[in-house]
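Secondary and tertiary structure notes
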Amino acid sequence: MKPEEKLAIHEVLYRAAHGYDSHNIEMLTECFAEDSVMTIRVGGGDLIGPYDGQEAVLNFMKRAIERQTDKRLHQISNIFFEEEGEEQAFARSSLTLFATENGTCQLLSTGIYRDKVVKVNGSWKISKRHLDIELPV
């Protein structure tokens, strides 16, 4: 995979985090494929989801955003590729989740994203996302 393709995938992962944190649903929508699927596991517990399709994934995120009283920051780091191809790739990244509320910033949790990204009309989109997060947030 060419470096510019890897950079484009990094950017879509960062944009998804920023879209969530800024409550920018349009940006989030651009990051996920129409047939995307998302699952979550908290602290090694039962699987949450799957949320099938872009609309279900985004509705899950919208409901989570509506419940928040704090300002979130999803810090994405340590991105690497488990598999690479011209039309799809599998990336793994680390999540460090911070929250600020009432003048106090705190670490909420850490986790690992496992993403399948696909090229759709020349743009990389998240097709399948699984998050293993340590603590409920």
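Everything below is about the structure shown above.
Residues numbered from 1 in each chain as written. Predicted model: local features only at pLDDT ≥ 70, side-chain atom pairs only at ≥ 80, totals over all residues. Heavy atoms only, no water.

**A short note on helix α3 (residues 54–67)**
For α3, built from 14 residues, the straight-helix expectation of 20 Å at 1.5 Å per residue is met to within 8% by its first-to-last C-alpha distance of 20 Å. The inward-facing, buried residues of α3 contact α1 (3–21), α2 (25–31), β1 (32–42) and β2 (47–52). (Helix = DSSP H or I, 4+ residues; strand = E, 2+ residues; numbered from the N terminus. Expected span 1.5 Å × (residues − 1). Contact = heavy atoms within 4.5 Å.)

**Let's talk about the side chain of Gln-68**
Assignment of secondary structure puts Gln-68 in the loop between α3 and β3 (71–84). Among residues more than four places away in sequence, those in contact with Gln-68 are Tyr-20 and His-23.

**Regarding α1**
In this model, α1 (19 residues) spans 27 Å end to end at C-alpha, consistent with the 27 Å of a helix rising 1.5 Å per residue. Restricting attention to buried positions, one finds in α1 the residues Ile-9, Val-12, Leu-13, Ala-16, Ala-17, Gly-19, Tyr-20 and Asp-21. Phi for His-23, located one or two positions after α1, is positive at around 60 degrees. (Buried < 20%, exposed > 50% of the residue type's maximum accessible area, 1.4 Å probe, protein only.)

**Considering the environment of Asp-21**
Mapped onto the elements of the fold, Asp-21 is located in helix α1. Placed 50 residues apart in sequence, Asp-21 and Lys-71 show a C-alpha to C-alpha distance of 7.3 Å. Dropping the residues within four chain positions of it, Asp-21 is found in contact with Lys-71, Arg-72, Leu-73 and His-74.

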